[in-house]
Amino acid sequence: MLIVPEELPDGGGAFLIAWQLTGKRVLVVGGGEVSSGRIRNVLIADALVTLIAPADSLHPSTRFFVDHSDRVTYHSRLFAGQDDLEDVDMVLTAIDDVEESRRICSLCRERRIPVNAADIPPLCDFYFGSQVRRGPLQVLISTNGNGPKLANIIKTKIEAALPSNVGRAVENVGVLRSKLREIAPGTGGDVSKRRMQWMSKVCTSWTLDELADMDAAKMDELLSVGWPENRTLARSSHKNDSTKNLCGFLASGRLRSASCGFAIGVCVTLAMSKKEQHGRRSPSEWLEHASKARLA
Ligand SMILES: C[C@@]1(CC(=O)O)C2=NC(=C\c3[nH]c(c(CCC(=O)O)c3CC(=O)O)Cc3[nH]c(c(CC(=O)O)c3CCC(=O)O)/C=C3\N/C(=C\2)[C@@H](CCC(=O)O)[C@]3(C)CC(=O)O)/[C@H]1CCC(=O)O
Ligand SMILES: NC(=O)c1ccc[n+]([C@@H]2O[C@H](COP(=O)([O-])OP(=O)(O)OC[C@H]3O[C@@H](n4cnc5c(N)ncnc54)[C@H](O)[C@@H]3O)[C@@H](O)[C@H]2O)c1
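Each chain has its residues counted from 1, running along the sequence as written. As they are written, the chains are lettered A onward and the ligands numbered 1 onward, keeping that order. In view of the model being predicted, local features appear only for residues whose pLDDT reaches at least 70, and side-chain atom pairs are presented and counted only at 80 or more, with totals across whole chains, interfaces and linings using the full set of residues. Calculation of side-chain values draws on the structure's entire complement of heavy atoms; hydrogens and water are dropped beforehand.

(A) Representation of the UniProt feature "domain: Siroheme synthase central" (unreviewed entry) in the chain. UniProt positions are given in the numbering used here, feature names are shortened, and annotations may be inferred rather than shown by experiment. Feature annotation in UniProt places "domain: Siroheme synthase central" (unreviewed entry) on residues 134-160, given in this structure's numbering. Numbering of helices and strands runs from the N terminus; a helix is a DSSP stretch of H or I covering at least four residues, while a strand is a stretch of E covering at least two. Split by type, residues 134-160 is 48% helix and 22% strand. Its first and last C-alpha atoms lie 12 Å apart.

Here it is in C-alpha cells:
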C-alpha cells in the first residue's frame, strides 16, 4: 500500500532498473578484457551486439564471443564516426583512449543514445554494477561510483548468503504466474487484483524450499483447487498425509459438521508447531533474517 510521503526523498542516487535489451542493438567499441565483460553482460540480456575493434587487439574471451555467438557482428577496425551509430540503441566504450571515448560519448549524446565509457564516470549515462545471478534472480550491487571493489566484496557476501535453490524458487513462481494468467487472463480490473493477492499469498505462505521443490503436479493442484477456492494449500500445513487430507478437506468447506472447527484447530496447531520446529521461513522472512545475520 502506498503511504503518502511526509518529505521528499534524498537525491544523489541512481535510478535502478532491469533494462530489457531483447532484440536491441548494442555497440561495443574496444576488444580488450573489459569489452569481453561488457559483451557477456549484454548477451545475457539477449541483445544484438556490434563490436568494433582491431582484430590484433582482441582479448581471447572477446574473440570467443565473436567466434561463437551469432548475436555478435564484428568489424575489425577503429570506430569511424557517426555512421557507426546508425540504428544503435546503446553504446559501451571500453577503449584505452580517453579523448576518443569523450568524442564517441558526445556523438551519442547528440543522438540521445545512452552510453557507458568504462571507468570514466563523468561520461557515463549509466554505470555497470556488480552482479549476482541465480537463474532469473538478478541482484545489482552499485556503490554509485564510490567503491567498485567494495561492490565486488558485498557481492561475495550476498552470494554466500543466498540459498542454492533461490533461483529455482523464482523460476517456479514465474511458471506458476504464467499458468495462472492462462486460466485467469486479463489485464487490470478485478481479475488482476485477485491474481496479485493470491500470488502474494502463495509467496508468503510457502517456504523458499517448498517453492523451489514445487513440481508440475503441485502447480496444477494449486491452480485447480487453491485458486478457485482462494487458498494457497501451503505445504507446511499438510506435509504429512494425515493432516493433508483432513485439512484440505475441512478447509475446502465441503464438510459441514459440528466437529469441523475443532478439527481445523488441531490441524493448524500441528502445522504451526511443525513449522516452528523446523525453523522454516518464507522468502521474505528469510531475506530479513539473512540481511541481519550476514550483512551486519
Ligand atoms: C561493478 C564493476 C562492473 C564493471 O565495470 O564490469 C565496475 N567496476 C568493477 C571493478 C573495478 N573497477 C575498478 C577497480 C579497482 C579498484 C577500485 O578502484 O575500487 C575494480 C575492482 C576489481 O577490478 O576487482 C576501477 C575503477 N572503476 C571505475 C573507476 C573510475 C573512477 O572511479 O573514477 C575506477 C578507477 C580507475 C583508476 O583509478 O584509474 C568506475 C566504475 N566502475 C564501475 C563498475 C562503475 C561504478 C560501480 C559501482 O560503484 O558500484 C563505474 C563508475 C563506471 C563503469 O565502469 O561502469 C566491476 C566490479 C565487477 C565485479 O563484480 O567483480
Ligand atoms: N571497469 C573495470 O572493471 C575496468 C577494469 C580495467 C580497466 N578498465 C578501463 O577500461 C578500458 C579498457 O580496458 P581494457 O583492459 O579492456 O583495455 P585494452 O587496452 O586491453 O583494450 C582496449 C581495446 O580498445 C581498442 N581500441 C582502442 N581505440 C579504439 C578505437 N578508436 N576504436 C575501436 N577500438 C579501439 C583496442 O584495439 C583494444 O582492443 C580502459 O580505459 C581501462 O582503464 C575498466
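Read on for the rest.
(B) Layout of the nonpolar core. Side-chain atoms within 4.5 Å are what join buried Ala, Val, Leu, Ile, Met, Phe, Trp, Tyr and Cys residues into a set we call a nonpolar core. Three exposure classes are used, based on accessible area relative to the maximum for each residue type with a 1.4 Å probe and protein chains only: buried under 20%, partly exposed in between, and exposed over 50%. With 25 residues, the main nonpolar core has Leu176, Trp198 and Leu222 as its most contacted residues. Looking at this core, the elements with two or more residues in it are helix H4 (148-161), helix H5 (166-183), helix H6 (189-205), helix H7 (208-213) and helix H8 (216-226). Broken down by element, the residue count for this core peaks at 5 residues, all from H5. Here the limits of each domain have been adopted from an automatic or database domain assignment. Of the residues that make up this core, three or more belong to each of domain 2 (129-162) and domain 3 (166-293). Among the nonpolar cores identified, the runner-up in size contains 17 residues, and Leu21, Val26, Val72 and Met90 belong to it.

(C) Focus on the site of ligand 2. The near set for a molecule or strand comprises every residue that places at least one heavy atom within 4 Å of it. Among the 19 residues in the neighbourhood of ligand 2, the closest are listed as Gly31, Val34, Ser57, Phe79 and Asp119. One nitrogen or oxygen atom from the side chain of Ser57 is found 2.7 Å from an oxygen atom belonging to ligand 2. Whenever two N or O atoms come within 3.5 Å, that pair is a polar contact, provided that in protein one can donate a hydrogen and the other can accept it, and provided that, for residues adjacent in sequence, both atoms are side-chain atoms. Residue Ile95 places a main-chain N or O atom 3.0 Å away from an oxygen atom belonging to ligand 2. Protein chains bury 66% of the 860 Å² of accessible surface belonging to ligand 2 in isolation. A breakdown of the residues in the shell around ligand 2 according to their chemical character gives 10 nonpolar, 4 polar and 5 charged. The method behind every accessible area is Shrake-Rupley, applied with a 1.4 Å probe, and residues are considered shielded solely by the protein chains displayed. Amino acids are sorted into nonpolar (Ala, Val, Leu, Ile, Met, Phe, Trp, Tyr, Cys and Pro), charged (Asp, Glu, Lys and Arg) and polar (every other residue, Gly among them).

(D) Geometry of the sheet that holds strand S2 (residues 48-52). We treat two strands as partners when DSSP finds at least two bridges between them. Strand order across the open sheet formed by 5 strands is S3-S2-S1-S4-S5, with parallel pairing between neighbours. Looking at which strands have only one partner, the edges of the open sheet turn out to be strand S3 (72-75) and strand S5 (115-117). Within the sheet, the average angular offset between the axes of one strand and its neighbour, ignoring direction, is 15°. Pairing of strand S1 (residues 25-29) with strand S4 (residues 90-93), which is carried by 4 bridges, proceeds in the parallel orientation. As a rule, the C-alpha atoms of each element are fitted with a line to give its axis, helices using only the stretch in contact, and angles between N-to-C directions run from 0 to 180 degrees.

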